[in-house]
Amino acid sequence: MTIEHDGLFIGGDWVAPHSTARITVTSPASEQPLGSVPHADEEDVDKAVSAARKAFDDPQGWAHWDPARRAEALHRFADVMEQRSSEIARSVTAQNGMPLMFSEPSEGRTSAFVLRHAARLITEMPPERMQERADGTGRTLIRREPIGVVGAIPAWNFPQTLAAFKYASALAAGCTVVLKPPQETVLDAVLLADVVKEAGLPPGVMNIVFGGAETGSSLVGHPGVDKIGFTGSTAVGRLIAEKCARLLKPVTLELGGKSAAVLLDDVDVDAVVNSAAFLIMTMFNSGQACWASTRILAPRSRYEEIVEAMASMMGKLVVGDPMDPETQIGPMATEKHRARVEGYIRKGVGEGARLVTGGGRPQHPEKGWFVEPTLFADVDNRSTIAQDEIFGPVLSVIPYQDEDDAVRIANASRYGLSGTVWTKSTDRGIALARRVHSGMYSINGRRTDLGAPFGGEKESGLGRELGMEGLASYQRLQSIFV
Ligand code: NAD
């Protein structure tokens, strides 16, 4: 059964769009249509921004509520998200092919967690402080205010989580939001709008318009939008940054990655490579995760042992229907994206890397945009497959001489989002982590802390989401010299 939806979520309710265009979502597993929604045009974006503006400018409204009252509303929002979490996770899986074993905990449950955390932060963060002037001649009052109307633009790989990373902090800070979900995954955003309505957020505080690049571009350029929170590719992030620079509009950018997993020479190779943590850190969402460690750095002294263990692990991964709870690797989110991943596999072979396992399409399932889990060995870190973000189930094993060499290779990337080190010694792991230029780093596959700043360096982004720092990026400061 397909879902045909007719409205855009503006001013607290579903409204008829100005545009007659539609977006159809196709299942990456069955290749059949799943449903469609209206494709918002510039006029629709304007309507949504006006609703958000009106809600923000209301002198008795959301922005002026006591933080504790806003926090209460966010907890109610989280309550309803929790009630609908399984339905939301299944909707994401149906659209982007994320195996249910990953979407249930991430797409189903992260939003509520992040909302509750932001609610707690805003009640703990003093909205203003009085301090002595630096020259001792009086006092200065430093105030934090919500930045205004926020345009939130996430990517399709974690559509719910990445949206929540933006709206949770923005709403907690007292901003109002216009969310433009990715066009590959709009149907779960219909459910999100229903949640917002059921949770009773005041009209206009959270608005949702569906669309692609043009809709996103209209939102970024709209003079009524005060800040942009973006997650997506580096190429689009650059376009948005250029536009925001001209408009002098603050922007947070969460972009691509090409992180390295460093296996130190003390590891128990079989235990590490076959652990759930290693699978998550390298192949989560079938490799369609910005923070995935897709370059596997192996010490020369144990190189073949690591390649063999990885080939054996990757050969055993369960590829199939993402709705099956046993499935570990689902399809690529779109047919176009599969073609891109396959292009990189051909490039890897052409550039002389050793194809150890995979490289093609699995025989089963017969339908769907699947790519076999693929392992390359003897990869030169300067080659295309080691430098470009492939965003699929493709890993490269790169040899290193010693720890200095491992750090040099890990840092020889235009990205700087994440990374992992695998070792029996936490101290050795932390010492290595300190030397890697990335916004986030994990020792032995420890997962992201959703209360800590999230984001990257170099071409992986600008600014941070989550934690106090993420919340502060949705605030502006005023100094009053008393
Ligand atoms: P994308 O850049 O094509 O699209 C991202 C979003 O931007 C979508 O909502 C899209 O509709 C919108 N958009 C496209 N062109 C636009 C424009 N000109 N103006 C405004 N909005 C526009 O990225 P994608 O293919 O959807 O996502 C994959 C990328 O996202 C990968 O590079 C991945 O690494 C990155 N990503 C980064 C993080 C992170 O936190 N750093 C997390 C997840 C994904």
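Residues numbered from 1 in each chain as written. Predicted model: local features only at pLDDT ≥ 70, side-chain atom pairs only at ≥ 80, totals over all residues. Heavy atoms only, no water.

A few points about the packing of aromatic side chains
Here the distance between the centres and the angle between the planes together describe a pair of aromatic rings. Selection criterion: Ring pairs are drawn from Phe, Tyr and Trp, using the six-membered ring of Trp, whenever the two centres fall within 6.5 Å, and their geometry is named by plane angle: stacked under 30 degrees, edge-to-face over 60, tilted for the rest. Residue exposure (1.4 Å probe, protein chains only): buried if accessible area is under 20% of the type maximum, exposed if over 50%, otherwise partly exposed. Charge-over-ring placement is defined geometrically: NZ (Lys) or CZ (Arg) within 6 Å of the ring centre, and within 35 degrees of the ring normal.
For the structure on display, the rule yields 10 aromatic pairs. Seen in terms of ring centroids, Trp 62 and Trp 65 are 5.1 Å apart; in terms of plane orientation they differ by 55 degrees. Their pairing is tilted. Judged by its relative accessible area of 14%, Trp 65 is buried. Members of the aromatic cluster, connected to one another through ring pairs, are Phe 102, Phe 158, Phe 284 and Trp 291. If you follow Arg 69 out to its NZ or CZ, it ends over the ring of Trp 65, 3.7 Å from the centre.

A few points about the site of the ligand
The following threshold applies: Here a residue is near a molecule or strand as soon as one of its heavy atoms is found within 4 Å of it. Here a polar contact means two N or O atoms within 3.5 Å. Within protein one must be a hydrogen donor candidate and the other an acceptor candidate, and residues neighboring in sequence count only if both atoms are side-chain atoms. In these tables, accessible area is a Shrake-Rupley quantity obtained with a 1.4 Å probe, and a residue counts as shielded only by the protein chains included in the view. Going along the chain from the N terminus, every DSSP run of H or I of four or more residues is numbered as a helix, and every run of E of two or more is numbered as a strand.
As a matter of local geometry, the ligand sits amid 26 residues, with Pro 154, Ser 233, Leu 255, Cys 290 and Glu 389 nearest to it. One of the backbone N or O atoms of Leu 255 is found 2.7 Å from a nitrogen atom in the ligand. The separation between an oxygen atom of the ligand and a polar side-chain atom of Glu 389 is 2.5 Å. Isolated, the ligand exposes 850 Å² of accessible area, and the fraction of that covered by the protein chains is 88%. Contributions of two or more residues to the shell around the ligand are made by α8 (213-221), β11 (227-231) and α9 (234-247). In terms of residue count, α8 provides more of the shell around the ligand than any other element does, 3 residues in total.

Considerations on empty space enclosed by the protein
Stated formally: Definitions used throughout: a 1 Å grid over protein atoms alone; a cavity as a set of points that fits a 1.4 Å probe which cannot get out; a pocket as an open set with protein on both sides within 12 Å along at least five of seven lines; a lining residue as one with an atom within 4 Å of a point. Grid points are joined across faces, edges and corners, and a volume is the space filled by probe spheres set on the points. Under the grouping applied here, Gly and all other residues not named as nonpolar or charged are polar, the nonpolar ones being Ala, Val, Leu, Ile, Met, Phe, Trp, Tyr, Cys and Pro and the charged ones Asp, Glu, Lys and Arg.
Tallied over the full model, the rule gives 4 cavities of 30 Å³ or more. Empty space within the largest cavity amounts to approximately 90 Å³. Every residue lining the largest cavity is counted, 17 residues in all, and those nearest its centre are Lys 258, Ser 259, Arg 295, Ala 410 and Ser 418. Class assignment for the residues of the lining of the largest cavity results in 6 nonpolar, 8 polar and 3 charged. Space inside the second largest cavity adds up to approximately 70 Å³. Along its surface, the second largest cavity is lined by Gly 257, Lys 258, Gly 287, Ala 289, Cys 290, Ala 292, Thr 294, Glu 389, Ile 390, Phe 391, Gly 392 and Val 394.

Things to note about the side chain of Thr 93
Worth spelling out the cut-off: The criterion used for residue contact is that any of the two residues' heavy atoms lie within 4.5 Å.
Along the chain, the position of Thr 93 falls in helix α3 (residues 85-96). Ignoring any residue separated from it by four or fewer positions in sequence, one finds Thr 93 in contact with Met 98, Pro 99, Leu 100, Ser 103, Pro 322 and Met 323.

What to know about the packing of helix α6 (residues 159-173) against helix α7 (residues 187-199)
Stated formally: Angles here are taken between N-to-C directions and fall from 0 to 180 degrees, while the axes themselves are lines fitted to C-alpha atoms, restricted in helices to the stretch in contact. Should an angle fall under 35 degrees it is taken as roughly parallel, and over 145 as roughly antiparallel, whereas 65 to 115 is taken as roughly perpendicular and any remaining angle as oblique. In a left-handed crossing the near helix is turned counterclockwise from the far helix by less than a right angle, and in a right-handed crossing that turn is clockwise.
It is the contact of α6 with α7, at a shortest axis distance of 10 Å, that shows an interaxial angle of 45 degrees. One element, α6, and the other, α7, form an angle in the oblique class. For the crossing formed where α6 meets α7, the hand is right-handed. Residues Pro 159, Gln 160 and Tyr 167 of α6 touch α7, and the partners they reach there are Asp 188, Ala 189 and Leu 192. Here the contact of α6 with α7 is built from residues that sort into 4 nonpolar, 1 polar and 1 charged.

Considering the domain arrangement of the chain
To keep it simple, the criterion reads: What marks off one domain from the next here is an automatic or database domain assignment. Note on definitions: buried area is the accessible-area loss of two parts on being combined, 1.4 Å probe, summed for both. A pairing counts as a salt bridge when a side-chain nitrogen of Lys or Arg comes within 4 Å of a carboxyl oxygen of Asp or Glu.
By the assigned domains, the chain splits into domain 1 (3-255 + 460-481) and domain 2 (259-449). Relative placement of domain 1 and domain 2: their C-alpha centres are 31 Å apart. Domain 1 puts 26 residues into the contact, and the matching count from domain 2 is 30 residues. Both faces considered, domain 1 and domain 2 share a buried interface measuring about 2400 Å² in area, 65% of it formed by carbon and sulfur atoms. Counting the surface domain 1 buries against domain 2, the share from its top three residues, Phe 102, Trp 156 and Ser 460, is 23%. The interface formed by domain 1 and domain 2 includes 0 salt bridges. Inspection of the domain 1/domain 2 interface yields 8 residue pairs in polar contact (both at pLDDT 80 or more). Going through the elements one at a time, α3 and α4 (100-108) are the ones with two or more residues in the side of domain 1 that touches domain 2. Across the side of domain 1 that touches domain 2, the residue classes tally to 11 nonpolar, 11 polar and 4 charged.

A few points about the pattern of salt bridges
All chains considered together, the criterion is met by 28 salt bridges. In this structure, Glu 342 engages Arg 361 in a salt bridge whose closest nitrogen and oxygen atoms are separated by 2.7 Å. Taken as a pair, Glu 342 in helix α13 (residues 335-350) and Arg 361 in the loop between β15 (354-357) and β16 (374-377) lie far apart in primary sequence, 19 residues in all. On the accessibility criterion, Glu 342 (14% relative accessible area) is buried. Classification of Arg 361 by relative accessible area gives partly exposed; the value is 49%. Among the salt bridges present, the one from Arg 428 reaches Glu 403, with a minimum N-O distance of 2.5 Å. Here Glu 403 lies in helix α15 (residues 403-411) and Arg 428 lies in helix α16 (residues 426-433), a separation of 25 residues in the sequence. Taking relative accessible area as the criterion, Glu 403 reaches 26% and is therefore assigned partly exposed. Residues joined in a network through salt bridges with shared partners are Glu 128, Arg 143, Glu 145 and Arg 476.

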